[in-house]
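Coordinates in review
Each chain, letter by letter, is given below.
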Amino acid sequence: MSKYWSQIIQALKPYVPGEQPKDNCFIKLNTNENPYPPSPKVIDAISKETDASLRRYPDPNCEALKQAIAEYYSVKKGNVFVGNGSDEVLALSFISFFKQRQPILFPDISYSFYEVYCRIFEIQNIRVPLTAALNISLADYAQPNGGIIFPNPNAPTGKLLLLDSIEKLLKQNDRSVVIVDEAYIDFGGDTAIALIDKYPNLLVAQTFSKSRSLAGLRVGAALGSEELIEGLERAKNSFNSYPLDRLAIAGAVEAIRDEAYFQSTCKKVMETRERTVAALSKMGFSIVPSRANFVFIRPKGIQARELYTRLKDEKILVRYFDKPRIDEYLRVTIGTDADMQTFIEKTAQIVAAA
Ligand SMILES: *Cc1c(COP(=O)(O)O)cnc(C)c1O
C-alpha cells in the first residue's frame, strides 16, 4: 500500500498469471501455451519485417491483419477489431459495453480476469454459479443485466456450450452485449462468428496465443457487428493508437494464412488430449469433458494441491486454483505426446507413493 495510490488501485486484486519459470528445465503445463512452435512462415514474416522500417510507427488501424481475419471468417473488415492480446481486447470491451446501470453476469467458475476488469472499471457484477456438473444454465442468465461474458469452451473447465444454446442466450438477451470469449474454440468447438450478422449484440473474442502458438507476440481479435466494432475503436483510440507493433501485425497475418500448419497442430493437440484423458481415466481420475487444449481433472488417491506440489518437485508445472468449488481440481495444459507421457508416469508414481 502507498499513500500515493488512488482508491481504485488500493482496492485492486491484480490477476496473477501462471508461473513462467526462468530456467527451461520445466515441463510447462500451466498456462495453456501451445507445445508446438509457430508456423515457420510466421517467423519468416517477422524476420522480413525486422528492418529499418521499425523507426516508423505501425499502421494504427492494422488494416492488413483485419483484412486477413475478415477473409478467413468471410466477414467484412468493419466486423473485425484487433488488440494487444485478447486480454486487451476484453479490457476495452468491458469499458465500451459493460459500464451500465445493471450488473454484468458471468459464471462463478470462469476466467478470473473478468473480476479484475470489473474492479478496475468499477463495474457491478453477478457471478452466476455453474451447475453441480459445471454447466452454464441458460435459465440463470434470464435476468436483467448490463452484459454477459463467458469463455467458450469455458476455462478452467474446458466445457463447450453448443451454438444453439448460445443462440437461445442471444435471443433472451437482446438488450445488452453478450461476449463469447473463444480463446480455446479451435480445439474442437464451433465458433459463434457465424451468428454476428443475425445478432448485433454478439461480440466474439479470439486470441492468437493458444491455437496459433503466438502467446509471446500478443495478438487478439474481436468480431461483431460494425456498431460494436466502432465502439471498441473509440475506446482503443482513446487509450493507445498503436497496440500492435509492426512485427506482431506481420506475424499474425501469416499465422492466419498458413491454414495447413494451423490445422495440423490443432489436430495433434486434440489427439494428445484424448490419449491423456484415456490414461488418466484408467488411473481413476475424474476428467471434465474438454474441448480445449487443457483438461480439468480431479485426482484420485491424492489431494489436488499435494499432487501440484509433488509434480513441481519433479519439474512439471500444472495449474492449481486455491478457490472455492475448484480446489480439488488441477488444470493441465496439453503438451506434446512426450510431455504428457512424462506427466502421466510421474503422476502415477506420486499417487502410488501417497
Ligand atoms: C488465455 C486467455 C485469454 C487471453 O489471451 P491473450 O490473447 O494471451 O491475452 C483470454 N481469455 C481466456 C479465457 C484465456 O484463457
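Residues numbered from 1 in each chain as written. Predicted model: local features only at pLDDT ≥ 70, side-chain atom pairs only at ≥ 80, totals over all residues. Heavy atoms only, no water.

On to the overall build of the protein. Looking only at helices and strands, the protein has 11 helices and 13 strands in total. The C-alpha atoms of the protein give a radius of gyration of 20 Å, which matches the 20 Å a tight globule of 354 residues would have. On the principal axes, the C-alpha backbone points of the protein span a range of 60 × 50 × 50 Å. Per-residue burial over the protein gives 53% buried out of 354 residues. Across the protein, every contact between residues at least 6 apart in sequence was considered, and the portion connecting residues at least 24 apart equals 73%. With 44 positive and 42 negative side-chain charges, the protein shows a separation of 3 Å between the mean positions of the two kinds. (Helix = DSSP H or I, 4+ residues; strand = E, 2+ residues; numbered from the N terminus. Rg over C-alpha atoms; globule rule 2.2 N^0.38 Å. Buried < 20%, exposed > 50% of the residue type's maximum accessible area, 1.4 Å probe, protein only. Contact = heavy atoms within 4.5 Å. Lys, Arg positive; Asp, Glu negative; His and termini not counted. Charge placed at Lys NZ, Arg CZ, Asp CG, Glu CD.)

As a further point, take the site of the ligand. Taken together, Gly 85, Ser 86, Asp 87, Tyr 111, Pro 151, Asp 181, Ala 183, Tyr 184, Thr 207, Ser 209, Lys 210 and Arg 218 are the residues near the ligand. At 3.0 Å, a backbone N or O of Asp 87 approaches an oxygen atom of the ligand. Here the ligand loses 93% of its free accessible area of 390 Å² to cover by the protein chains. Broken down by element, the residue count for the shell around the ligand peaks at 3 residues, all from helix H4 (residues 85–98). (Near = heavy atom within 4 Å. Polar contact = N/O pair within 3.5 Å; in protein donor to acceptor, adjacent residues only side chain to side chain. Areas by Shrake-Rupley, 256 points an atom, 1.4 Å probe, with all protein chains shown as cover.)

Let us now look at the nonpolar core. If you look at the biggest cluster of nonpolar residues, it comprises 52 residues, and the most contacted ones within it are Leu 65, Ile 69, Phe 150, Leu 202 and Phe 208. In terms of residue count, helix H8 (residues 246–257) provides more of this core than any other element does, 6 residues in total. Counting 32 residues, the second largest nonpolar core, distinct from the first, contains Ala 155, Ala 292, Val 295 and Leu 311. (Core = buried A, V, L, I, M, F, W, Y, C linked by side-chain atoms within 4.5 Å.)

With that settled, consider the environment of Leu 130. Mapped onto the secondary structure, Leu 130 falls in the loop between strand S4 (125–128) and strand S5 (148–151). Distance from Leu 130 to Pro 107, taken between C-alpha atoms, is 6.1 Å for residues 23 residues apart in sequence. Setting aside residues up to four positions removed in sequence, Leu 130 forms contacts with Pro 107, Asp 108, Ile 109, Asn 135, Ile 136, Asn 154, Thr 157 and Arg 325.

Now for empty space enclosed by the protein. For the structure shown, the criterion picks out 3 cavities of 30 Å³ or more. There is about 90 Å³ of room inside the largest cavity. If you trace the largest cavity, you find it lined by Ile 69, Tyr 73, Asp 186, Gln 206, Thr 207, Phe 208, Ser 211, Arg 212, Ala 221, Leu 223 and Ile 256. Elements supplying a minimum of two residues to the lining of the largest cavity: helix H3 (63–73), strand S7 (202–207) and strand S8 (220–224). For the lining of the largest cavity, the class distribution of residues is 6 nonpolar, 3 polar and 2 charged. In this structure, the second largest cavity spans a volume of roughly 70 Å³. Forming the walls of the second largest cavity are Pro 37, Pro 38, Ser 39, Val 42, Ser 211, Arg 212, Ser 213, Ala 255, Asp 258, Tyr 261, Phe 262 and Thr 265. Among the elements that line the lining of the second largest cavity, the one with the most residues is helix H9 (residues 259–282), at 3 residues. Residues of the lining of the second largest cavity, tallied by class, amount to 6 nonpolar, 4 polar and 2 charged. (1 Å grid on protein atoms, 1.4 Å probe; cavity = no way out; pocket = protein on both sides within 12 Å on 5 of 7 lines; lining within 4 Å. Points joined across faces, edges and corners; volume = space filled by probe spheres on them. Nonpolar A, V, L, I, M, F, W, Y, C, P; charged D, E, K, R; others polar.)

A few words now on helix H7 (residues 226–236). Among the residues of H7, Leu 228, Ile 229, Gly 231, Leu 232, Glu 233, Ala 235 and Lys 236 are the ones counted as buried. Of the surrounding secondary structure, the elements contacted by the buried residues of H7 are H3, strand S2 (80–83), H4, S7 and S8.

With respect to the secondary-structure elements, Arg 212 resides in the loop between S7 and S8. Buried charged residue Arg 212 carries no salt bridge. Nearest counter-charge: Glu 259, at 4.9 Å. The residues touching Arg 212, leaving out its near neighbours within four places in the chain, are Pro 38, Tyr 72, Ala 255, Ile 256 and Phe 262. (Salt bridge = Lys/Arg side-chain N within 4 Å of Asp/Glu carboxyl O.)

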